[in-house]
Every structure is written in C-alpha cells, then in structure tokens.
Amino acid sequence: MNDIQNQDDLYLLVDEFYKKLLADDTISYIFTDVVKIKLEEHLPILVTFWSQAILGTGGYTNNLTQIHLDVNAKEYLSPELFKIWLHHFYSSVDENFKGEKAEQIKTQALSIATIMQIKIAQQN
C-alpha cells in the first residue's frame, strides 16, 4: 500500500471518506439536510485544503473555523459527531494508504477536530 503522494491520492481519500459519511445516518444529515453540500463542488475544495496541509501546495483560502462555526449555528456539532467524522476519516486513510503522510493527515484531522470542538464550546 502506498503513502499519500499527490492530489489524485487526496481526491481518492476524500471521495472514499464522503461515501462513508453519506452512508452513515448518524452524521449524513449534516451534509444532506443542514449544509446541503454539492459533492462535485465540495470535493475539490477539500482536496485543495488537504493538499495545502499535507503536501504544502497552497491554494486554500477559506476560513475553516468560521465555516464550521456557521454550520454549528444551524445544527449543533456535538463531540459525538466529531468522533464519527474521525472514525470514518481514519478508516478511509487506513484502507487506502500507509506511510508518513497517511499518519500526518490523521494527526492533522485529530488536531482540526479538537480545535473545532473547543471553538464550538466557546460559541455555545
């Protein structure tokens, strides 16, 4: 199994990840009912975010924290939802990649989830 090496790998990862999220009724409603994401628009943004974070490519200009605070204002993003999110993210990484970048992206996902939960707790 290869490590994450490029944006194609990241696209595969986020695509697999969102398949898991959208198939899980305990969290899918956030994406289908609350935010109503359009995957064809959302996935390239996520690839750009993770590419900047893991591969150092740059290009992500959105305010990640504010986006999640805005979602939380519509529907509480509970610690349980973050656990589900992380579980699906980790399994998507582990099923497709192995190596330094794969471990780095999981660590970064945990850091992001932790920071978001702190910011949400401050907002509520």
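All of these numbers come straight from a predicted model, not from anything done at the bench. (Residues numbered from 1 in each chain as written. Predicted model: local features only at pLDDT ≥ 70, side-chain atom pairs only at ≥ 80, totals over all residues. Heavy atoms only, no water.)

### A few points about the packing of aromatic side chains
- Inspection of the entire model under this criterion finds eight aromatic pairs.
- An angle of 80° between the planes, with centres 5.3 Å apart, marks the rings of F17 and Y18 as edge-to-face. Here the two residues F17 and Y18 agree in accessibility, since each one is buried.
- For the ring pair W85 and F89, a centre distance of 5.4 Å and an interplane angle of 5° mean the geometry is stacked. You can see W85 and its partner F89 sitting in helix α5 (residues 79–96), four residues apart, about one turn around the helix. For the residue pair W85 and F89, the accessibility class agrees, reading buried in each case.
- One aromatic cluster in this structure is built from F17, Y18, F31, F49, W50, Y60, W85 and F89. (Phe/Tyr/Trp six-rings, centres within 6.5 Å; stacked < 30°, edge-to-face > 60°. Buried < 20%, exposed > 50% of the residue type's maximum accessible area, 1.4 Å probe, protein only. Helix = DSSP H or I, 4+ residues; strand = E, 2+ residues; numbered from the N terminus.)

### A word on the packing of helix α3 (residues 39–55) against helix α6 (residues 100–123)
- In contact at an axis separation of 10 Å, α3 and α6 are set at 115° when each is read in the N-to-C sense. By the angle class used here, α3 and α6 are roughly perpendicular. α6 is crossed by α3, and the crossing has right-handed handedness. Of the residues in α6, those in contact with F49, W50, A53, I54 and L55 of α3 are K101, Q104, I105, Q108, A109 and I112.
- A per-class count over the contact of α3 with α6 returns eight nonpolar, two polar and one charged. (Axes fitted to C-alpha atoms, helices over the stretch in contact; angles between N-to-C directions. Parallel < 35°, antiparallel > 145°, perpendicular 65-115°, else oblique. Left-handed = near helix turned anticlockwise from the far one by under 90°. Contact = heavy atoms within 4.5 Å. Nonpolar A, V, L, I, M, F, W, Y, C, P; charged D, E, K, R; others polar.)

### Section: α3
- The terminal C-alpha atoms of α3 lie 22 Å apart, and with 17 residues this matches the ideal 24 Å at 1.5 Å per residue to within 8%.
- Close packing links the buried residues of α3 with α1 (7–23), α4 (64–74), α5 and α6.
- G56 lies just past α3 and shows a positive phi near 70°. (Expected span 1.5 Å × (residues − 1).)

### A closer look at the nonpolar core
- Grouped together as the largest cluster of nonpolar side chains are 36 residues, with contacts concentrated most on L13, W50, W85, F89 and I105.
- Not counting chain neighbours up to four residues away, the residues in contact with F89 comprise L13, F17, W50, I105, K106 and A109. (Core = buried A, V, L, I, M, F, W, Y, C linked by side-chain atoms within 4.5 Å.)

### Digging into the pattern of salt bridges
- For the structure on display, the rule yields five salt bridges.
- Close ionic contact of K19 with E16 constitutes a salt bridge, the shortest N to O distance being 3.4 Å. Of this pair, K19 and E16 are both found in helix α1, three residues apart, which corresponds to roughly one turn of the helix.
- Judged by its relative accessible area of 48%, K19 is partly exposed.
- Overall, the relative accessible area of 23% leaves E16 in the partly exposed class.
- A salt bridge links E95 to K20, with the shortest nitrogen-to-oxygen separation between them at 2.9 Å. Of this pair, E95 sits in helix α5 while K20 is found in helix α1, placing the two residues 75 residues apart along the sequence. (Salt bridge = Lys/Arg side-chain N within 4 Å of Asp/Glu carboxyl O.)

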